[in-house]
Amino acid sequence: MKDDLINAIAELDEEKTLQLVREKVKNGETPLEIVEQCRLGVEKVGQRYSEDMYYLSDLVMSEEILRGVMEILEPYFSVPGFKNGVKVVIGTIEDDIHDLGKNIVISLLRSEGFEVYDLGVDVKPEEFVQKINETDTGIVGVSVVLTFSISYVKKLVRLLHETGLRDKVKVIIGGYPVNEMIREYTGADYFQTDAKKAVKLIKRIAGLEK
Ligand code: B12
């Protein structure tokens, strides 16, 4: 993978980033390959922020750049004419407002025909449970990017047990910090930090793929 796009984002060079994205699309790179390079770029922004090289305003800038990228790529995640009949409830957990990753996963799921209920950001565990009940959905995706919000995912799983829904719902968590340890801690069924693999996993859970 070439580093030009990763570096343009890491340097917060909006013009160069958008130009590179347009070029890459023209040259036949897939939207997912491009998104992955962008993700690595914003990861560098995050690193620089933790090392006090960048300020909060720079994180905001990286968000703006990534939104511009997604505007260019959106038409390539086109929604097909068919629905695959599987519902997914998805949202970013309580106190967390990071939604760029979640929105990428949603675009991909919709492009595969899933019916996605997007609860947005800062979603309380109770709201997830309410939506799962209301829509009779068997798959819930939870995005958690801030480590201090992880405990709310655990609370969501506990609530699913308490409301008798646990056996009917598969819980998949995703987001920058998640790993097997966090999956185990929260009681979720699966974790995935790669949007493409996440969609494959959800298709498998739904019985659409082996
Ligand atoms: C952009 C950004 C912001 C933007 C968010 C914009 C937005 N609308 O999302 C803004 C500026 C608002 C922001 C604010 C803050 N941020 Co911030 N932010 C980032 C940054 C740079 C990039 C995040 C991002 O969008 N990545 C790109 C996406 C595509 O990647 P992703 O989220 O990992 O998603 C992928 C996968 O994880 C997966 N996935 C995602 N969701 C889901 C869901 C499911 C179900 C599945 C299966 C898969 C999946 O698919 C995606 C595509 O591959 C990160 C750095 C980093 N390394 O992540 C810091 C970072 C996450 N932020 C951080 C912090 C501290 C904050 C603030 C607290 C800063 C402050 N002092 O106010 C606030 C918190 C606000 C809040 N209450 O949530 C820290 C978190 C540290 C921690 N341990 O919790 C980070 C890691 C930076 C750092 N190194 O310190 N931030």
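Residues numbered from 1 in each chain as written. Predicted model: local features only at pLDDT ≥ 70, side-chain atom pairs only at ≥ 80, totals over all residues. Heavy atoms only, no water.

## Considerations on the packing of aromatic side chains
Aromatic ring pairs: the centre-centre distance and the angle between the two ring planes describe each pair. We count it as follows: Whether two aromatic rings pair depends on their centres lying within 6.5 Å, for rings of Phe, Tyr and Trp, where Trp uses its six-membered ring; planes under 30 degrees apart make the pair stacked, over 60 edge-to-face, and the rest tilted. Our definition puts a charge over a ring when NZ of Lys or CZ of Arg is within 6 Å of the ring centre and also within 35 degrees of the ring normal.
Enumeration over the complete set of coordinates arrives at zero aromatic pairs. Over the face of the ring belonging to Tyr185 we find Lys154, whose NZ or CZ atom lies 4.5 Å from the ring centre.

## Brief notes about the environment of Val86
The test is simple: A helix here means a DSSP run of H or I that spans at least four residues, while a strand means a run of E at least two residues long, and both kinds are numbered starting from the N terminus. By definition, residues are in contact when any of their heavy atoms lie within 4.5 Å.
Examined against the element boundaries, Val86 turns out to sit in the loop between helix 4 (56–73) and strand 1 (87–92). Distance in space between the C-alpha atoms of Val86 and Phe114 is 5.4 Å, their sequence separation being 28 residues. Not counting residues up to four positions away in its chain, the partners in contact with Val86 are Phe114, Glu115, Ile139, Ala206 and Leu208.

## Describing the domain arrangement of the protein chain
Threshold: Segmentation of the chain into domains, including their bounds, is taken from an automatic or database domain assignment. By buried area we mean the combined loss of accessible area, with a 1.4 Å probe, across both parts when two parts are placed together. Here a salt bridge means any side-chain nitrogen of Lys or Arg lying within 4 Å of a carboxyl oxygen belonging to Asp or Glu. What qualifies as a polar contact is a pair of N or O atoms within 3.5 Å, subject to a donor-acceptor requirement within protein and to the restriction that residues adjacent in sequence count only when both atoms come from side chains.
Per the domain assignment, the segments making up the protein chain are domain 1 (4–76) and domain 2 (87–205). The gap between the C-alpha centroids of domain 1 and domain 2 is 25 Å. Counting residues at the interface gives eight residues for domain 1, matched by eight residues for domain 2. A combined buried area of about 730 Å² lies between domain 1 and domain 2, and 73% of that area is made up of carbon and sulfur atoms. Inspection of the region where domain 1 meets domain 2 yields one salt bridge. Note that Asp99 and Arg67 form a salt bridge whose closest N and O atoms lie 3.3 Å from each other. Between domain 1 and domain 2 we count one residue pair in polar contact (both at pLDDT 80 or more) in total.

## A closer look at the site of the ligand
Our working rule: Near is defined per residue: the residue qualifies when any heavy atom it owns lies within 4 Å of the molecule or strand.
Taken together, 36 residues form the shell around the ligand, and within it Ser50, Ile97, His98, Asp99 and Ser143 come nearest. Here a nitrogen atom of the ligand sits 3.2 Å away from a polar atom, N or O, in the side chain of Arg67. Contact between the ligand and His98: a nitrogen atom at 2.8 Å from a side-chain N or O atom of the residue. When residues of the shell around the ligand are traced back to their parent elements, those giving at least two are helix 3 (31–50), helix 4, helix 5 (100–111), strand 3 (139–143), strand 4 (170–174) and helix 9 (195–205). Counting residues domain by domain, the shell around the ligand receives three or more from each of domain 1 (4–76) and domain 2 (87–205).

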